[in-house]
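Inside the fold
Here's the letter readout for the chains.
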Amino acid sequence: MPNLDRRGFLAASAVAAGAGMAGPLTATDAAAAPARGPAGAPGPAGPAGPKILPTDPRYPSLQTGINRRHVARPEYVKMIRSARDAEDALREAIRGRKRISVRSGGHCLADFTCNPEVEVLLDFSEMTAVGYDERRRAFHVEPGAHLMAVYEALYKGWGVTLPGGVCHSVGAGGHISGGGYGLLSRDFGLVVDHLYAVEVVVPGSGGRPRTVVATREPGDPHRELWWAHTGGGGGNFGLVTRYWFRTPGTEHAPPERQLPAPPARLHASAIDLPWAGLTEERFVRLLKNYGDWHEHHSGPTSPGRHLSTLFNANARSFGSLTHYAQSSSRETLDGYLAALLRGTGLTPRPVERPSGELAAMPNLLTPRALPWLDAARMVGSPNPVWANPLARVGLKSAYHRRNFTDHQVKAAYRHLSGTDNPDTSMVLLSFGGAINAHREQDTAAAQRDSVFKVLYQAIWSDAKDDAKETDRLRAFYADVYAETRGVPVTGGVTDGCYINYPDTDLADPAVNTSGVPWHELFYKGNYERLRAVKRAYDPHDVLRHKLSVAP
């Protein structure tokens, strides 16, 4: 295919995933390796999904994902129902020289999946199976399965879970390929710390796609493709059609002990902190208290690792900040809440209305014990974006290795108290604990010594506000990180950004004037390893987007 390098294709989303390697691997080496890993064998043809054309009444609902800023007008949407179906669909698109994109849950907030250049959209949302594979002695999850469906199936069937995110409608495909984390991650690590194998359709060389099963087994010739799916992000090396999970060291255990068992009961707290009582001094003290506690309780063996939070620092125009915390220890939770509010003079109130992904929780002003599954269902049950069919979203992120600086929290106060958009927020999320028990190079997810994560978010509904809201969010972010050239540089107070919160501004030199390349912020020292495998598994750069790994 002589024109493949020049034309390329767009194939990115939650289900197309990256790959990396520890040492040199050439395209020839990859082509010569067996098509599947040690336990793999070609499967049956499997079912094939329909092509949905622009004349089909289903088509308009499939043109966009969670962010209505980005719309595709493909020649068709192909519903994928099996690995063979995915391989055939990719082969057809390559032969037709079509630009393709890929979707599982539709939560990619950048334009990777939906943009005007897309000619073929591959949709994996019908691949939703979750179960136990006796042959591989591991749990399998297909890319279209929503996270809550995964939690329900694993817990009801075997009493186990994965430490994934709180947004229930996220598809497993992209959540896992980017690393995956949630309220149990301080206890059990990232989702990918339990990843055993992945089935992925890779483009290969010469326009000949093939299906590969890559495992973490030391002798697997595709082990580096497995490594890439431990945080390499979407849209780099292929189409994920199945994941397998088993915690390392449990290969001889019964299924009920091969993944983490969540706490039987959790102590949960939800409080509102009205803006009416917030001065700059109180706001600064509150956020510094949050950062200080996490900085001092985020080691892999810290007793505080059993506590996690989701803290919506909403704009003044929303009316309040909303804070949720949970812990298997009531003593830890009480101690944390006291430390959070110490010296602020703030009086918490019940959470009587939804705030972001937090539902109204008026009965949790005083912490209460809840069964784990009940707590998991409660947090993340509202989704402010899916609930608004007109929602347009801006998103940025940062990992923090240490507490906020004075400048950072004062800048946050200025922007949150000054905006007239009530759906602008700075979301603080607990990190560290068991996540930090690993080294940077152990997984493609490189941020392994951070203590909390920050999400900068704005939601609006009218296209005429795109420029205003985008510029305002950019100014917010650049001001908070002005001490480090407008971005959360790696290795200091901050440690870069989360690839599952893709921010294409970081690859635009007109916006990111810091001189720090986007791939350093997302991948740190793992980027060159990713590039080597890109050359091996997708040498023609068939799968590419604005933040894809370059061969």
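Before going into details, it helps to say that this report is about the structure given with it.

Conventions used here
Residues numbered from 1 in each chain as written. Predicted model: local features only at pLDDT ≥ 70, side-chain atom pairs only at ≥ 80, totals over all residues. Heavy atoms only, no water. Pairing = 2+ DSSP bridges. Helix = DSSP H or I, 4+ residues; strand = E, 2+ residues; numbered from the N terminus. Axes fitted to C-alpha atoms, helices over the stretch in contact; angles between N-to-C directions. Contact = heavy atoms within 4.5 Å. Phe/Tyr/Trp six-rings, centres within 6.5 Å; stacked < 30°, edge-to-face > 60°. Buried < 20%, exposed > 50% of the residue type's maximum accessible area, 1.4 Å probe, protein only. Lys NZ or Arg CZ within 6 Å of the ring centre and 35° of its normal. Expected span 1.5 Å × (residues − 1). Polar contact = N/O pair within 3.5 Å; in protein donor to acceptor, adjacent residues only side chain to side chain.

With that out of the way, let us pick up the sheet that holds strand E14 (residues 368-371). Taken in spatial order, the seven strands line up as E14-E11-E13-E12-E16-E17-E15 in an open sheet, and their pairing is antiparallel. With partners counted over all chains shown, the strands left at the sheet margins are E14 and strand E15 (392-400), one partner each. Ignoring strand direction, the axes of neighbouring strands in this sheet form an average angle of 20 degrees. Contacting E15, strand E16 (424-430) and strand E17 (452-460), helix H12 (residues 466-480) runs over the sheet at an angle of about 160 degrees to E17.

On to the packing of aromatic side chains, then. Taken as a whole, this structure holds 25 aromatic pairs when the rule is applied. With a centroid separation of 6.2 Å and an interplanar angle of 35 degrees, the aromatic rings of Tyr243 and Phe245 are classed as tilted. Residue class for Phe245 comes out buried when judged on its relative accessible area of 0%. Relative to Tyr523, the ring of Trp518 has its centre 6.3 Å away and its plane inclined at 70 degrees; by these criteria the two rings are edge-to-face. Grouping residues by exposure puts Trp518 and Tyr523 together as buried. Ring-pair connections join several aromatic residues into one group, and the members of that group are Tyr181, Tyr399, Phe431, Tyr498 and Tyr501. Against the face of Phe318 rests Arg353, its NZ or CZ located 3.9 Å from the ring centre. Over the face of the ring belonging to Tyr181 we find Lys453, whose NZ or CZ atom lies 3.5 Å from the ring centre.

What follows covers helix H11 (residues 406-418). The end-to-end C-alpha separation of H11 is 18 Å, in line with the 18 Å expected for 13 residues at 1.5 Å each. When we look at burial in H11, the residues that qualify are Gln408, Val409, Ala411, Ala412, Tyr413, His415 and Leu416. Buried residues along H11 sit in contact with helix H8 (280-296), strand E12 (307-314), E15, E16 and H12.

What follows is about the environment of Ser61. Turning to its location among the elements, Ser61 is positioned in the loop between strand E2 (51-52) and strand E3 (76-79). Judged by relative accessible area, which is 62%, Ser61 ranks as exposed. Taking the C-alpha atoms as reference, Ser61 lies 41 Å from Tyr290; in sequence the two are 229 residues apart.

Here the focus is the environment of Arg81. By secondary structure assignment, the location of Arg81 is in the loop between E3 and helix H3 (83-95). When the C-alpha atoms of Arg81 and Thr241 are compared, they prove to be 8.9 Å apart, with 160 residues separating the residues in sequence. Ignoring any residue separated from it by four or fewer positions in sequence, one finds Arg81 in contact with Pro47, Ala48, Gly49, Pro50, Glu126 and Met127. Polar contacts involving the side chain of Arg81 include one to the side chain of Glu126, which spans 2.9 Å.

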